[in-house]
Amino acid sequence: MSLRESPIGGRRPTMRDVAARAQVSFKTVSRVVNDEGGVSPLLERRVRKAIEELDFRPNVGARILRRSDRRTASIGLLLEDVANPFSAAVQRAVENEADQRGVVVYSASLDEDPARERALAKAFGARGVDGLLLVPAGGDQSHLAAELRAGTAIVCLDREASNLPVDSVVATNEIGAAEGVRHLAAAGHRRIAFIGDRRTVATARQRHAGYLEALRGCGLPLDPALVVQDVRDTATADGVVTALLGHPDPPTALFTAQNLVTVGAVRALRRMGLEHAVALVGFDDFLLADLLSPAVTVVAQDPAAIGRTAAGLLFARIDGDTVPPRCRLVPTTLIRRGSGEIPPS
């Protein structure tokens, strides 16, 4: 039989088709498909053989209607950008946790767009997901209160929710950024530039706060000319670093507060031949950072732990956990590789 041919005339087989092929009752097929028991081994083998021959696939919607709890065995995952290495690692961890429970994960990118957050959260809710994992894109998640009232479990990750009492899982952004800047200061640097993400992003604000805290703690003056925010991509970061290093009194070290920003900074340093002269510490690890020359020193998050922890909290809520919402912190780690240990010229 070709891939285009069907054993029942070009339509999807039903349980009645399976019953006819196996020569058993409809109820017997229903019990086998829904793992209800009460079917003899002989009849079960006949039903499963018919299912395989017909390539029968149960109707998920119909099974949901028969369930008293109306669960769909599915969750939604709304990330900043599924193409970003951090988001991809989070998604992989969530999928691993969901797979152990036989749960399907639907994911989408928010692109830091509050309107897209609202639209996709509503769309996933309309599809009956049991829970929603969300990286907040806007400054107000109160629009999700209706989903909570409807019984949808919600957990935020990477950033805490605003105006919505739900669990969250975040990295120690301020602490990690401060550690990275102190590391540069300990190498003798006094002019340390900060290049950060959009100020509308909570994690960007936290990392900037860590930078300021480290400067104060090390007794270093703040030079506003060395602080550039609202940098979103590698090309912009490349241009920012090029401009900073072209100043009459340029920085001797860079702290880049997001992985794509760090990649842009590396490109600029290499193009200018300054990769061994200007120190660099980036927040967030990235692919091949350890293979460059010099290898890039980073304040690494643990996206896999963030994903696992968030998924665990979500499934606990789906299973009926009613404890007050809490925020789980996942520690960052300073990884010394070479670029952050370059002394000032």
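Since the structure is predicted, the reported quantities are computational estimates derived from the model, not experimental observations.

On to the pattern of salt bridges, then. A pair can form between side chains of opposite charge whenever their charged atoms are brought close. Overall, the coordinates contain 19 salt bridges when judged by the stated rule. Note that aspartate 197 is salt-bridged to arginine 232, the shortest N-O span being 2.9 Å. Separated by 35 residues along the polypeptide, aspartate 197 in the loop between β6 (192-195) and α9 (202-217) and arginine 232 in the loop between β7 (227-228) and α10 (234-245) bring together distant segments of the chain. When salt bridges that share partners are traced, they join Glu80, Glu112, Asp158, Arg159, Asp197 and Arg232 into one network.

Moving on, we come to helix α12 (residues 303-318). Here α12 is 16 residues long and its end C-alpha atoms lie 22 Å apart, about the 22 Å a rise of 1.5 Å per residue gives. Within α12 the residues assigned to the buried category are Pro303, Ala305, Ile306, Gly307, Ala310, Ala311, Leu313, Leu314, Phe315, Arg317 and Ile318. If you follow the buried residues of α12, they end up packed against β1 (74-79), α5 (85-99), β3 (131-134), β4 (153-157), β5 (167-171) and β11 (327-330). Directly beyond the C-terminal end of α12, a positive phi value near 115° is found at glycine 320.

Scanning the entire structure with this criterion turns up two aromatic pairs. With centroids separated by 5.1 Å and ring planes inclined at 40°, the aromatic side chains of phenylalanine 194 and tyrosine 211 adopt a geometry described as tilted. Of this pair, phenylalanine 194 sits in strand β6 while tyrosine 211 sits in helix α9, and the two are 17 residues apart along the sequence. An angle of 25° between the planes, with centres 6.2 Å apart, marks the rings of phenylalanine 194 and phenylalanine 255 as stacked. Within this pair, whereas phenylalanine 194 is found in strand β6, its partner phenylalanine 255 is found in strand β8 (residues 253-256), the two being separated by 61 residues in sequence. Residue classification places phenylalanine 194 among the buried positions, given a relative accessible area of 0%. Pairwise contacts between aromatic rings join Phe194, Tyr211 and Phe255 into one cluster. Sitting over the ring of phenylalanine 26, arginine 16 keeps its end group 4.5 Å from the ring centre.

Looking now at the sheet that holds β5. Across the sheet, which stays open at both edges, the six strands sit in the order β2-β1-β3-β4-β5-β11 with parallel pairing between neighbours. For this open sheet the edge positions go to β2 (104-109) and β11, each flanked by a neighbour on one side alone. The mean inter-strand angle of the sheet, taken between neighbouring strand axes irrespective of direction, is 15°. Relative to β11, β5 runs parallel, the two being bridged by four bridges. Bridging across to β11, alanine 171 finds its partner in valine 330. Along the sheet, α5 contacts β1, β2, β3 and β4; its crossing angle with β1, the most-contacted strand, is approximately 170°.

Thresholds, definitions, all that
Residues numbered from 1 in each chain as written. Predicted model: local features only at pLDDT ≥ 70, side-chain atom pairs only at ≥ 80, totals over all residues. Heavy atoms only, no water. Salt bridge = Lys/Arg side-chain N within 4 Å of Asp/Glu carboxyl O. Helix = DSSP H or I, 4+ residues; strand = E, 2+ residues; numbered from the N terminus. Expected span 1.5 Å × (residues − 1). Buried < 20%, exposed > 50% of the residue type's maximum accessible area, 1.4 Å probe, protein only. Contact = heavy atoms within 4.5 Å. Phe/Tyr/Trp six-rings, centres within 6.5 Å; stacked < 30°, edge-to-face > 60°. Lys NZ or Arg CZ within 6 Å of the ring centre and 35° of its normal. Pairing = 2+ DSSP bridges. Axes fitted to C-alpha atoms, helices over the stretch in contact; angles between N-to-C directions.

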